[in-house]
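# Chain and residue survey
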Amino acid sequence: MICPKCGEISNGGKWCARCGAQLEIDDVAHISNLNSESGASGDYQPPVPQSSDNSYQYSTDQSYSSRNSYDGYENENSSANKLKIVLAVLCPIMAILVIVAFLAVFGVIDFGFSKEAEIPSDSQQTSQQSSIELLRRQAMNNIKIGDYIEAEKVLKSLLELDPYDDEIAVLCKIVFNYNQALEAVKNKNIADARNYFDKIPGEYMDYDICADVDKLEGQIEEYESAYTTFSDIKNYMENKKYDEAEMAIELLDESRLSDSDAALLHEYIDTIEKEKAEKENGNNDEGDESDFGSQQSASITESYASSLINSYCAAYVSAVNAGDFSIVAPYLAGDMYGTQKKMVESCVKDGITMDFDYFSLNSLQKSADNKWKAKVSEGETIYYADGSAKSKSYTWTYTIEYINSRYYLTKIE
């Protein structure tokens, strides 16, 4: 018979030998009859179509239908194969994705998709802003009461919270350098003290730390003046100019020196005393021809005169800033003592403070026995109570006198 699926001649079984399609019972019986009619052996010969148009048409239609069924079967097999291929590719991928998702859920893998820690919520931002304002008030209060160590800690914390706050950054520089300079002064390390002090931003004048910064500058200048004088003393001693060294020692505030320099100063004093004793013994040996005990005219060098006036200028500024005339009093005698005392008291009353900017000795001339005229140039910055400031330059002529074995400033013109 002809298989309705593939259109080929079947061998008479219930299944088509070519495509495996199941044959109807009538078809099997029919093909068996055909086989018996054609003999036990030999090839099956399909029936010749009858002249009847309907019979032929039936045969043709049956063959066409069988072939269409086979094409549909092939299409179904093709679709099934494609589905199998897609599943074979997708299944491993889906398995990998499931495993990765499982690991991500339990924190084994972090893809960084969570932004909760990076983007603070509104409540977090509000809390942080409140902390900043609280720390700012605390820092300002610490500065107001003069607790600059604590103020520095708070300001650094503020910068960590808000590194772009320019005012806090400037305040932090002011307080940090002030604390470092003050510590260096306590250790009598004046070079470091000056280095840190010069790094203090000029905006310090706008804050409550202003008065303490000015006071610290006066202290640094006193130390610098002392070391300038001590440097002159060392130079005199190296050149055996003992009289000049002794006069410079009278101007020196020993408390401004380091321990090692103070010890060296006492060695110089001992050396000078020995030299004086030897000189006196030599004069006593000369008997009546000696002029020992007679009044001798004193002398002064430009270096000593410069050191004397420079020390006075630094002491005067410190006296005004501290409101204490006794700081500058040891340098004065005669008319100048009274006039400078009134000047210091007037500045303190008016709320004036000062910075000592510069000094230079222009000339030194002897005007009489034990009296000299020193022409100088000076510069200072004056800070008024209303917050304004003004830099001034002066040219003065000081009178220096040698009185009771000491040199004093007695007049200013």
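Look up a bit, the structure's there.
Let me sum up the structure you'll find in this document. Within every chain, residues take consecutive numbers counted from 1 along the sequence as written. Thresholds applied to this predicted model are a pLDDT of at least 70 for local features of residues and 80 or more for the giving and counting of side-chain atom pairs; totals over whole chains, interfaces and linings are not thresholded and use all residues. Note that water and hydrogens are dropped before the side-chain values are worked out from all heavy atoms of the structure.

### Focus on the packing of helix 5 (residues 166-186) against helix 7 (residues 210-238)
Helix-helix packing: each pair is described by the crossing angle between the helix axes and the interaxial distance. Angles run from 0 to 180 degrees between N-to-C directions of axes, and those axes are lines fitted to C-alpha atoms, restricted for helices to the stretch in contact. The helix and strand labels rest on DSSP assignments: H or I over at least four residues marks a helix, E over at least two residues marks a strand, and numbering proceeds from the N terminus. Taken N-terminus to C-terminus, the directions of helix 5 and helix 7 make an angle of 35°; their axes are 11 Å apart at the nearest point. In this structure, helix 5 meets helix 7 at a crossing whose hand is left-handed. When helix 5 is examined against helix 7, the residues Y178, A181, L182 and V185 are found in contact with a partner set consisting of D212, V213, L216, Q219, I220 and Y223. The residue classification treats Ala, Val, Leu, Ile, Met, Phe, Trp, Tyr, Cys and Pro as nonpolar and Asp, Glu, Lys and Arg as charged. All others, Gly included, are polar. Across the contact of helix 5 with helix 7, the residue classes break down as 8 nonpolar, 1 polar and 1 charged. Note: crossing handedness is left-handed where the near helix turns anticlockwise from the far helix by less than a right angle, and right-handed where it turns clockwise. By definition, residues are in contact when any of their heavy atoms lie within 4.5 Å.

### Structural notes on the packing of aromatic side chains
Here is the rule: rings of Phe, Tyr and Trp (six-membered ring for Trp) pair when centre to centre is within 6.5 Å. Planes less than 30 degrees apart are stacked, more than 60 are edge-to-face, and the remainder are tilted. Within this structure, the stated rule accounts for 10 aromatic pairs. Aromatic pair W372 and Y407: ring centres 5.8 Å apart, planes at 45°, arrangement tilted. A residue pair is termed long-range when its members are at least 10 positions apart, and W372 in strand 2 (residues 371-383) and Y407 in strand 4 (residues 406-412) qualify at 35 residues. Residues W372 and Y407 agree in their burial class; the two are buried. When the centroid spacing of 5.3 Å and the interplanar angle of 20° are considered together, the rings of Y394 and W396 count as stacked. Each residue is placed in one exposure class: buried if its accessible area under a 1.4 Å probe, protein chains only, is under 20% of its type's maximum, exposed if it is over 50%, and partly exposed if it falls in between. Assessed through its relative accessible area of 27%, W396 is described here as partly exposed. Members of the aromatic cluster, joined through ring pairs, are Y304, W372, Y402 and Y407. Comment: the charge-over-ring label is applied if NZ (Lys) or CZ (Arg) is within 6 Å of the ring centre and within 35 degrees of the ring normal. Its guanidinium or amino end placed over the ring of Y223, R256 lies 4.9 Å from that ring's centre, counting from NZ or CZ.

### Considering the side chain of D355
With respect to the helices, strands and loops of the structure, D355 is situated in strand 1 (residues 353-368). Charge assignment in this entry is limited to Lys and Arg as positive and Asp and Glu as negative, and neither His nor the chain termini are counted. The rule for a salt bridge is simple: a side-chain nitrogen of Lys or Arg has to be within 4 Å of a carboxyl oxygen of Asp or Glu. Although buried, D355 forms no salt bridge, and the nearest oppositely charged side chain, R194, lies 8.5 Å from it. Here the side chain of D355 touches Y383 through a polar contact of 2.6 Å, side chain to side chain. Once residues within four sequence positions are removed from consideration, D355 is found in contact with Y204, D214, E217, V317, G379, E380, T381 and Y383. For the purposes of these results, a polar contact is taken to be a pair of N or O atoms within 3.5 Å, where, inside protein, one atom must be able to donate a hydrogen and its partner to accept one; residues adjacent in sequence count only when each atom of the pair is a side-chain atom.

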